[in-house]
Amino acid sequence: MPILADAAVERRAIRVRGAVQGVGFRPFVFRLARDLGLVGWVFNDADGVSIEVEGPACTLASFERRLKADAPPLARIEHLQATARTRLQRERGFRILASRQGKVTTSIPPDTATCDPCLAELFDPADRRHRYAFINCTQCGPRYTLTRKLPYDRAQTSMAAFAQCPLCLREYTDPARRRFHAEPNACPACGPALALVDARNRPVAGDPIAATLELLRAGRIVAIKGLGGFHLACDARNPGAVARLRERKQREEKPFAVMVAGLGSAALWVRSGPAEQALLQSRERPIVLLAMQPGCAERLAGVAPGLNVLGMMLPCTPIEFLLFHEAAGRPAGTGWLQDAHDLLLVMTSANPGGEPLVTGNDEALMRLEGIADALLMHDRDIVARCDDSVLRLGAGGAPQFIRRARGYTPMPVKLPRPGPSVLAAGAWLKNTICITRADEAFLSPHIGDLDNAATCSALADMAEHLCAVLDVKPQAVAHDLHPDFFSTRFALEFAAVHSLPAHAVQHHHAHVAAVAAEHGVDGPLLGLALDGIGLGEDKAAWGGELLIVDGAAFRRLGHLSTLAMPGGDAVAREPWRMAAAALHRIGRGAQIEPRFRGRPAAAAVAQMLALDLRCPPTTSMGRWFDAAAALLQVRETSAYEGQAPMLLEALAGAGAPCASDRELGELVRILADGTLDPTLLIARLADADDARNGAVLFHHAIADGLARWVAAAAETTGLRTVALAGGCFLNALLTALLAARLGQLGVRVLEARQAPPNDGGLALGQAWVAICRQTTGD
C-alpha cells in the first residue's frame, strides 16, 4: 500500500447488524479489506459485526459499497452505519479479532443445505472429506440448531466438544480457505461420527450408510438423526413398510412427505414448474406440496391417501445425500444428482403420538422403541429442536408456509415499527411462540398441538431458549382469549412471575393482525378470518369473520350464518355431524337417520338437533366445509385435522362449476344484518348426485359470496385492503378464486407470506396487537 499523507487517509468504524454471524461475514470482510489494501480489524459481538478500517477515502467508500453488494449469500444486512474516527492507528494489515460479549441485538442464521462446493468434496474419492457425513463450510450446514448463545463462535455451539485437528485448524485460520472461521468445521479425524444401532442399541456391522440403505430396501423403518431432530424413514414404494410405519407411529391417514435425490427423480412422481423447482432446490430445503403425476397415488399406496398433491423434499444434510449416493452406486462427482433414481424415501418427523420431535440419542432409543427397527445416529448434540418447513405455491405463484421451521427459523419478520419486547404464547393447535425485539418478530419453529404434557413442556423450553439466545427480557406477554389453553395459562403464569402486563387477544383479531404486521400495515384494514374454531368475545365459537382491524383494536362487521355443532368438539372428528346439522337447518332433519344409518349416534344427533341439546352454534367456515364434504359423501369422519376439507379441495381440482355467476350469487346470500349465508348452497349439495361437481360448485360459490361480502364492506367503510387469514386459506383453490374475484372488484388482497395463515402464525399477530396496546395505552 503506498504511503499517503494523513490528510488523504481516513479511519472509519462500521457497525453491521442482521444475520451476519455464522455466514462467513468476517472472512468476507477480511478478504475484501486485504484486496483493497486497507488495514484495521473485524470482530463479532452481540450486536452483530464491528469493523474499523483505515485507508484512502475513495477506497473506504468502495469498501462500504461492496460490503452490501458482495456480501456472502447467507448474510442478511439490515443495518450498516459508518462513523469517522479522528485518530489513525497505522496498523500493519487487517485482522480478525476475538469475539466479544454484550447485549445481543443480532440473530443466528438458519440451518442450510449442503452447498455445491461441499458436495463436490463429499463425492470426490480423492478428497479427505470423501463421504464424510458432517462436511460443511461458511456457506452451509447447521447454525441455529447447534447454537446455545451469541456471539456465534464454536465455543457457544455443540461443536465445542470437538477439537479441530491440525489440518482443520489450518483451514479455519487461513483467510484464503472456504472454511476460514467456519464454526462447525470438522473432518473424519476430529469431528462427529455416525453409528447405526438396532432397536436395542447394539451396533450394526458394516458401513453405517450402506447398512442403513440395506435395511430400508428390506422394508425396515430407520430413525435418522438430522439437523433439528430425527426422521423416521422407510421405502415409500413398499406398501407394507408404509403401513407398518403408520401403525407404529399411530398416524392413520395423515399424508407423509417423501425425499428424492434431485429434480430428475422428482419428475417421476410429481409435476413442478420453475418456481416450485427453485423452492425444492433452495438452501432452505423445505417440503414442497406438488401435484402428483398420473398414477402416482396408486404406485405410492398409503403415502398420501385421497390427495392429489405430494409433499416432496430434496436432501438437505450430508447424511441424506450419502444415502442416495449409496443407492446410485457411489459415483464420483455430482452430475448423478440430476438423473432419475428409483430410491424414494418416506421422511416423517419422529414425534410419536404427536409429542415433540425426538432430538437426543438416548431419548430416541427410549421414545422410538417399537417404532424404529434401527437408528442412524451421531454424537453431535442438537441444541434446538427444529422440524421440517412445509410450503406450497399460493395464489399468484408466491410461496406460502404451511409450517415454518428449519431453514427459516430464526429469521425475523420485520414489524411496522419498533416496540417493547413481547412474548406471545400462540394457540392450542400447531403452536408456535413469538418473541419481539425492537422492530423484529422471531417466530419459533413448529412446536405442535398442546394436547400432551411433553408438547406443553416443549413450549416452555422454547420460550426459555429463545429469550436466552436473543438476550430478550419480555416487557409484556400476549395470549389467546381462551382461558383453558395451556398457552394461555403459561402466558399468565409467566406474566405473574415476572410482573408483566398480559394481553388477551381474540383469536381472529390475531390472525388478521399477523398478516397486517408482516405487510407493514400500521393502520386500519379489512380482515377476513376463516378457520376451524376460535373463541369470540361473546364466548361463542367463531370461525367465519369479517373484521376491521386497527392494531390494538378490532370490530366485527359480520360473520357466517351459524351452524349447530351436535356434540360440541366431537364434530371436528366426525364431519357427518355437521352434515346432520346442515340438514336440520334446511328443514330435512328427518333425513339424518336414513342418510347416516351407518353411524350409531345418528338417531341421538337428530334428537339433539331437534331439542337443541348440546348443540353450540358456530360461525366457522371450517365446519361449513365439513358439512359439504360429508353431504357429498367425500368423508364422514376425519383421521386428522382438516382431512375432510382437504379431500374436498382435492376432488374439486381445477374444474369449472355448472352454474352461472348469477346462480352462484343466489346460492350464497348477504343478509340484511351483514351475515353471509350459505344455506341455499348446502341445500343444493344435499341433492347433488355427483360429488366432484358438488365440490367444484361449493368452492366457486363460497368464493363468489366471500368476494361480494368483502367488496360490500369495502364500499361501506372506505377500506380497500383486506387481509386473508386463518387456516381455511391453506386451501389453494379457495384462495385463488377469492383473490381473483376481489382483484376484479378493486380490493387489494394481503396474504400470509412470512408465516403460515393457520394457527402456526397466530403468535405473530398476538405479539403485534400487544405492541400496539403497549405503545398506545389501549
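Everything discussed here concerns the structure shown above.
Below is a summary of the structure that appears in this document.

So, how was this worked out
Residues numbered from 1 in each chain as written. Predicted model: local features only at pLDDT ≥ 70, side-chain atom pairs only at ≥ 80, totals over all residues. Heavy atoms only, no water. Pairing = 2+ DSSP bridges. Helix = DSSP H or I, 4+ residues; strand = E, 2+ residues; numbered from the N terminus. Axes fitted to C-alpha atoms, helices over the stretch in contact; angles between N-to-C directions. Contact = heavy atoms within 4.5 Å. Phe/Tyr/Trp six-rings, centres within 6.5 Å; stacked < 30°, edge-to-face > 60°. Buried < 20%, exposed > 50% of the residue type's maximum accessible area, 1.4 Å probe, protein only. Lys NZ or Arg CZ within 6 Å of the ring centre and 35° of its normal.

Let us now look at the sheet that holds strand β2 (residues 39-45). In space, the five strands of this open sheet follow the order β4-β1-β3-β2-β5, with mixed pairing throughout. Both outer strands of the open sheet, β4 (76-85) and β5 (94-96), are each paired with one neighbouring strand and no more. On average, adjacent strands in this sheet sit at an angle of 15° to one another, irrespective of strand direction. Judged from the nine bridges that link them, strand β1 (residues 9-19) and β4 form a sheet pairing that is antiparallel. Across the sheet, Arg 17 pairs through a bridge with His 79, a residue of β4.

As a further point, take the sheet that holds strand β19 (residues 434-443). Across a sheet, strands are paired by hydrogen bonds formed along the backbone, either parallel or antiparallel in direction. In spatial order, the strands read β17-β19-β18-β20-β21; together these five strands make up an open sheet with mixed pairing. Each edge of the open sheet carries a strand with a single partner, namely β17 (413-419) and β21 (502-505). Across the sheet, the mean angle separating the axes of adjacent strands is 30° when strand polarity is ignored. The strands that helix α12 (residues 453-470) touches are β18 (422-424) and β19; relative to β19, the one it contacts most, it runs at about 150°. Packed onto the sheet, helix α14 (residues 507-518) meets β17, β20 (476-480) and β21 and runs at close to 100° relative to β17.

Quick look at the packing of aromatic side chains now. Enumeration according to the criterion identifies 13 aromatic pairs in this entry. Ring geometry for Phe 30 against Phe 180: centres 5.6 Å apart, planes inclined by 65°, an arrangement best described as edge-to-face. Placement of the pair is Phe 30 in helix α1 (residues 25-36) and Phe 180 in the loop between α4 (166-173) and β6 (194-198), with a sequence separation of 150 residues. With respect to class, Phe 30 is no different from Phe 180; both count as buried. Note on Trp 576 and Phe 596: the rings are 5.7 Å apart at their centroids and 45° apart in plane angle, and the pair reads as tilted. Within this pair, whereas Trp 576 is found in helix α15 (residues 576-585), its partner Phe 596 is found in the loop between α16 (592-595) and α17 (602-611), the two being separated by 20 residues in sequence. Both residues of the pair, Trp 576 and Phe 596, belong to the buried class. Ring pairs connect the aromatic residues Phe 30, Phe 94 and Phe 180, which therefore count as one cluster. Cation over ring: Arg 100 sits above Phe 43, and NZ or CZ is 4.0 Å from the ring centre. A cation sits over an aromatic face here: Arg 556 above Trp 542, 3.8 Å from the ring centre.

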